[in-house]
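Below are the chains, spelled out letter by letter.
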Amino acid sequence: MSKKFLIRLLVGLSFLLAAVLYLLSELLPEKFGGFNLAWAGLIFSGVSGLAFLLGGLTAKNSTQLRKLYVLLGTILLIVAALCLVSALAMPENLVLPICLVVAAAGLVLGLLFTGGKKWDEGDNQKVGYKNYYQRKAEEEKNKKDGDGEE
């Protein structure tokens, strides 16, 4: 099973779980009365955020795609924090600090696991790179050395 498929499966299953629980809370309010839309949003965005975050941290593809996964996971975790605040009716003065902590953690994880590599780093940044004129001079030197031996 590929990692992409696993991420998509987790996102789909979390959405299905949240939707079913929300439907049950509407159909059976005596058993699921405490479950509301905020809890459904918390389940979906929390599981999806963790799936994207782990997918971005373990991916072997391009750095930009990994950073996008980490960013998307961080945004979904911020949404999950907002849903949690809404579901628990926490004081509003805790909302911004919680969001900032989640955003900062996402930025640090993105930087650590992508290595801060530039996507457009060219060959001329690598050790031992020779530009056009250096390669031509070396080629001419090799031609002259090759002609002199015959």
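Here's what I pulled together on the structure shown here. (Residues numbered from 1 in each chain as written. Predicted model: local features only at pLDDT ≥ 70, side-chain atom pairs only at ≥ 80, totals over all residues. Heavy atoms only, no water.)

A few words now on the overall build of the protein. In terms of regular secondary structure, the protein is built from six helices and zero strands. Going from the N terminus to the C terminus, the protein shows its helices and strands as α-α-α-α-α-α. Within the span of the protein, comprising 150 residues, buried residues form 27% of the whole. When the accessible area of the protein is evaluated, it comes to approximately 10,800 Å², of which 66% is carbon and sulfur surface. (Helix = DSSP H or I, 4+ residues; strand = E, 2+ residues; numbered from the N terminus. Buried < 20%, exposed > 50% of the residue type's maximum accessible area, 1.4 Å probe, protein only. Areas by Shrake-Rupley, 256 points an atom, 1.4 Å probe, with all protein chains shown as cover.)

It is worth spelling out the packing of aromatic side chains at this point. A full pass over the atoms with the stated rule returns three aromatic pairs. When the centroid spacing of 5.5 Å and the interplanar angle of 75° are considered together, the rings of F15 and F44 count as edge-to-face. Note that F15 is positioned in helix α1 (residues 3-27) and F44 in helix α3 (residues 37-58), a separation of 29 residues in sequence. In this structure F15 comes out as exposed when scored by relative accessible area, which is 52%. Seen in terms of ring centroids, Y132 and Y133 are 5.4 Å apart; in terms of plane orientation they differ by 80°. Their pairing is edge-to-face. Judged by its relative accessible area of 47%, Y132 falls in the partly exposed class. (Phe/Tyr/Trp six-rings, centres within 6.5 Å; stacked < 30°, edge-to-face > 60°.)

Turning our eyes to something else, we now look at α3. Its 22 residues give α3 an end-to-end C-alpha distance of 31 Å, which sits within 8% of 32 Å, the value for a rise of 1.5 Å per residue. The distance from a side-chain oxygen at the start of α3 to the backbone nitrogen of A38 is 3.2 Å, and the residue carrying that oxygen is N36. (Expected span 1.5 Å × (residues − 1). Polar contact = N/O pair within 3.5 Å; in protein donor to acceptor, adjacent residues only side chain to side chain.)

Further remarks concern a nonpolar patch on the surface. A contiguous nonpolar surface patch, about 650 Å² in accessible area, is contributed by F5, L6, L9, L10, L13, L16, V20 and V47. The greatest single-element share of the nonpolar patch, amounting to seven residues, is contributed by α1. You can call L6 partly exposed: its relative accessible area is 40%. (Patch = residues over 30% accessible without salt bridge, like charges linked within 9 Å, V, L, I, M, F, W, Y side chains within 5 Å. Salt bridge = Lys/Arg side-chain N within 4 Å of Asp/Glu carboxyl O.)

With that settled, consider the pattern of salt bridges. Evaluated as defined, the whole model comprises two salt bridges. Across the salt bridge formed by K136 and E139, the nearest N and O atoms sit 3.8 Å from each other. Linking K136 with E139, this pair stays in helix α6 (residues 132-149), spanning three residues, or about one helical turn. The class for K136 is partly exposed, based on a relative accessible area of 34%.

Time to look at the side chain of S14. Within the secondary structure, S14 is located in helix α1. Discounting chain neighbours no more than four positions away, the residues touching S14 are I43, F44, V47 and S48. (Contact = heavy atoms within 4.5 Å.)

From the geometry alone we can't say anything about function, so treat these as descriptive.
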